[in-house]
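# Geometric and topological summary
Letter by letter, the chains look like this.
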Amino acid sequence: MGPRGRHLPWLPLLALLVLPPPVRAAAARPNFVLVLADDLGFGDLGSYGHPSSATPHLDRLAARGLRFTDFYSSAAVCSPARYGPAAGRERGENEKILNERTNPEAESQPSRARRVSQGPCQNLTCFPPDTKCFGTCDQGVVAVPLLWNQSIVQQPVSFPELVPLYGRFCREFIARCARLRLPFLLYYASHHTHYPQFASREFAGRTRRGPFGDALAEFDDSVGQLLQALRDTGLDNSTLVFVTSDNGPSTLRMARGGSAGHLRCGKGTTYEGGMREPALAYWPGRIAPGVTHELASTLDILPTLAALAGAAPPRVALDGFDLSPLLLGTGKSPRRSVFFFPPAPDPLRGPFAVRLGKYKAHYFTQGSFHSDTTPDQACHGLTPLTPHLPPLLFDLEADPAENYDLLRGQPGPEALQALKDIAVLKDVLQQRLHFGDSQMSKGRDPSLQPCCSPGCSPKPSCCRCAPQ
Ligand SMILES: [Ca+2]
């Protein structure tokens, strides 16, 4: 099977859903645009304090919408972080599967070292006119394909053309929904700003922050184009736009990675830098501009959108909460706690850390190679799993950088009570957790690698097709 026609929309990581037609009484129910950045850190946006990022569209969104200071992803690495907002559930049976597929830390040390020098870029061009993707990229697997539903339309993908194609698809999708008066959810899961950074000609070499800044600027522009599409179709006042990121910054490649700002460590760790994310909610006329310090999580996205859409939530126990009272200014966040799971969780240890109110207790800590090169050695991949008994206890309002363990001083009665309450929360959670069988233990099947020419030989090098 060869690549399909060039005029098809292109869609590898963009999931779209046309919602059922609204009932008559639901005139105020919005459309939804959910934007998920990749490896974008808490400190990467101008509106979150970065001094040299070029993010005017996101900063405008922050100024005109609700900006979260205490918003968390449900995981510290890519794939399991996608499970949280899609399912609204804490670590469960599917979670084990999702973790292992992309979790190098679950592998042996030699295997891990090998993957550090690799990436998904296959020696492709990341910046026009011909700047190759950064790093050694041959993984012995097929080149990165571009998919339209189940069909491969480009292999390898052309990174400099990718975001403009996404943008065109989004604009056409929004225009079609507007024309047909269909309510919609558009889920834009951007590749930016994950390694390898890339950008189209318009953004290559254009920012103060180097390749990462160029990729971030293109991501920012793609959000700006989404907002413009909503304005052009008259849907800007009837659409909730929510922007966040899947996990903290990958500092493995130093300045090629993002920034957690003043938070500790980054991707792959259960410190704040691994899981606290920028988050913006924008719905003109309905969500008042401002800043909220309320607790919230990607787990809350599903129940919140379901509530605003008037849709019945799934018939399973959800770990997320409906944040619509917080968004609409009629109440506070129902969320009181956050669980911090490591990239490779296990039933015995459970969550490595728990936040309750402003207090966070670490029962285990471990570095991650994703957070290598930061000045703090606790973040690094060779820093082993360390149990803490009693736990490390931080006041995240007074000390969001997790520098000062309260139990090393003289904690007050409130902190000690919080520690007891956290222990109960952790026990209750662990009693109801179920872990699935290991998928990694089943081994690899090369025939499952997506190939634009399935019958070709030799694989994987023959799986390369130019767009028709
Ligand atoms: Ca990620």
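Anyway, here's the lowdown on the structure attached to this text. (Residues numbered from 1 in each chain as written. Predicted model: local features only at pLDDT ≥ 70, side-chain atom pairs only at ≥ 80, totals over all residues.)

## Regarding the overall build of the protein chain
When its secondary structure is counted, the protein chain shows ten helices and 16 strands. The proportion of buried residues among the 468 residues of the protein chain is 47%. Across the protein chain, contacts joining residues at least 24 apart in sequence account for 68% of those joining residues at least 6 apart. (Helix = DSSP H or I, 4+ residues; strand = E, 2+ residues; numbered from the N terminus. Buried ≥ 20, exposed ≤ 12 C-beta atoms within 10 Å, placed from the backbone. Contact = placed C-beta atoms within 7 Å.)

## Side note on the nonpolar core
Counting residues in each nonpolar core, the largest one holds 105 residues, and the members touching the most others are Val35, Val243, Leu280, Ala281 and Phe340. At nine residues, helix 6 (residues 210-232) tops the list of elements feeding residues into this core. Not counting chain neighbours up to four residues away, the residues in contact with Phe340 comprise Thr270, Met275, Pro351, Phe352, Ala353 and Val354. (Core = buried A, V, L, I, M, F, W, Y, C linked by C-beta atoms within 7 Å.)

## Quick look at the environment of Leu416
Here Leu416 is to be found in helix 10 (residues 413-432). In this structure Leu416 comes out as partly exposed when scored by C-beta crowding, with 14 C-beta atoms within 10 Å. Sequence separation between Leu416 and Tyr359 is 57 residues; the distance between their C-alpha atoms is 9.9 Å.

## Some details on the packing of helix 5 (residues 159-180) against helix 6
It is at 9 Å that the axes of helix 5 and helix 6 come closest, and there the two elements cross at 15°. Considering their axes alone, helix 5 and helix 6 lie roughly parallel with respect to each other. Crossing geometry of helix 5 relative to helix 6 is assigned as right-handed. Every residue of helix 6 that contacts helix 5 at Val163, Tyr166, Gly167, Cys170, Arg171 and Ile174 is listed here: Glu218, Ser222, Gln225, Leu226, Ala229 and Leu230. Partitioned by chemical class, the residues of the contact of helix 5 with helix 6 number seven nonpolar, three polar and two charged. (Axes fitted to C-alpha atoms, helices over the stretch in contact; angles between N-to-C directions. Parallel < 35°, antiparallel > 145°, perpendicular 65-115°, else oblique. Left-handed = near helix turned anticlockwise from the far one by under 90°. Nonpolar A, V, L, I, M, F, W, Y, C, P; charged D, E, K, R; others polar.)

## Regarding the sheet that holds strand 13 (residues 337-340)
Strand order across the open sheet formed by four strands is 13-14-15-16, with antiparallel pairing between neighbours. Edge positions in the sheet fall to strand 13 and strand 16 (386-395), since each has one partner strand and no second. When strand polarity is set aside, the average angle formed by the axes of neighbouring strands in this sheet is 10°. Examined bridge by bridge, strand 13 and strand 14 (residues 353-356) share four bridges and lie antiparallel to one another. (Pairing = 2+ DSSP bridges.)

## Remarks on the environment of Gly285
With respect to the helices and strands, Gly285 occurs in the loop between strand 10 (276-282) and strand 11 (290-292). Taking the C-alpha atoms as reference points, Gly285 and Ser238, separated by 47 residues in sequence, lie 8.9 Å from one another.

## With respect to helix 2 (residues 78-87)
By the criterion of burial, helix 2 is predominantly enclosed, with eight of the ten residues buried. Listed in full, the buried residues belonging to helix 2 are Cys78, Pro80, Ala81, Arg82, Tyr83, Gly84, Pro85 and Ala87. In the segment just after helix 2, Gly88 is the residue with positive phi, at about 65°.

## Brief notes about unusual backbone geometry
With the exception of glycine, most residues fall at negative phi, and the peptide bonds are largely trans. Residue Pro156 follows Gln155 across a cis peptide bond; omega there is 0°. Mapped onto the fold, Pro156 is located in the loop between strand 7 (151-154) and helix 5. Each neighbour pair has its own omega, and for His192 with Thr193 the value is 15°, a cis peptide bond. Among the secondary structure elements, Thr193 is positioned in the loop between strand 8 (184-189) and helix 6. Its identity is not glycine, yet Asp39 carries a phi of approximately 65°, on the positive side. Turning to its location among the elements, Asp39 is positioned in the loop between strand 2 (31-37) and helix 1 (56-64). Within the chain, Met254 stands out as a residue other than glycine whose phi angle is a positive 55°. Along the chain, the position of Met254 falls in the loop between strand 9 (239-245) and helix 7 (272-275).

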